[in-house]
Amino acid sequence: MEIDLQNPNPIINNTPYQQSKEFIDERTKLENDPSVEDPIDKYELYEIIRTINDPEHPLTLEQINVVSVDNIHVDNEKKRITVYFTPTIPNCTMSAIIGLSIKVKLLNTVSRKYKIDVLIEPGKHMTEDAINKQLCDKERVYAALEADGLKRIISRTIKNDEEFDLIYQ
């Protein structure tokens, strides 16, 4: 059975994001020092979400430029994380699934102390307001994840072979 792909030829990023050796060395030193408080930052969050698989292609969200370090914002004082993602085409029907995948991965990885918002980058999708409203509504997220089929798709995108339990604030 052949599947009609919405975007059969996404632009592929062949140069994954890399931090400088100096940055990595300094980060490693700080993270290994128990006397230093290590607040979460956008680089850590990017490492968590960049490997999420696109639901339509055998590519990661990083490879098709759906997520980037610059579109991740962290406010450690207010315990708030905001991630903007960019669909590959303005009418992508997979956008809600991509947003849910990002949200689930973060909710199951990051401390419960943080409020996590996942949104479509402004101006990048025809129905961004409706999708953003769904992604920001706890009850809608829970309801969407009660559907076994959707739960299986998200498990595949976040590379989780076992059923996940949604951890929510």
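In case you missed it, the structure is sitting above this.
Treat the numbers as computed from the prediction; the structure is a model and nothing was measured. (Residues numbered from 1 in each chain as written. Predicted model: local features only at pLDDT ≥ 70, side-chain atom pairs only at ≥ 80, totals over all residues. Heavy atoms only, no water.)

Visitor: Can you break down the nonpolar core residue by residue, with the values?
Guide: Ile49, Phe85, Ile102, Leu106 and Val110 are the most contacted members of the largest nonpolar core, which has 33 residues in total. Where this core is concerned, the elements lending two or more residues are helix H2 (42–49), strand S2 (80–85), helix H3 (95–107), strand S3 (115–120), helix H4 (128–136) and helix H5 (138–145). Here the element with the most residues in this core is H3; it accounts for 6 residues. Setting aside residues no more than four positions away along its own chain, Ile49 makes contact with Leu61, Val67, Ile72, Val83, Ile102 and Leu106. (Core = buried A, V, L, I, M, F, W, Y, C linked by side-chain atoms within 4.5 Å. Buried < 20%, exposed > 50% of the residue type's maximum accessible area, 1.4 Å probe, protein only. Helix = DSSP H or I, 4+ residues; strand = E, 2+ residues; numbered from the N terminus. Contact = heavy atoms within 4.5 Å.)

Visitor: Give a detailed account of the pattern of salt bridges, specifying residues and quantitative values.
Guide: Evaluated as defined, the whole model comprises 5 salt bridges. The salt bridge partner of Arg50 is Glu47, with a shortest N-O separation of 3.1 Å. Residue class for Arg50 comes out partly exposed when judged on its relative accessible area of 21%. Among the ionic pairs, Arg50 bridges to Glu62, the shortest N-O distance being 2.8 Å. Of this pair, Arg50 sits in the loop between H2 and strand S1 (72–75) while Glu62 sits in the loop between H2 and S1, and the two are 12 residues apart along the sequence. Judged by relative accessible area, Glu62 falls into the buried class, the value being 5%. (Salt bridge = Lys/Arg side-chain N within 4 Å of Asp/Glu carboxyl O.)

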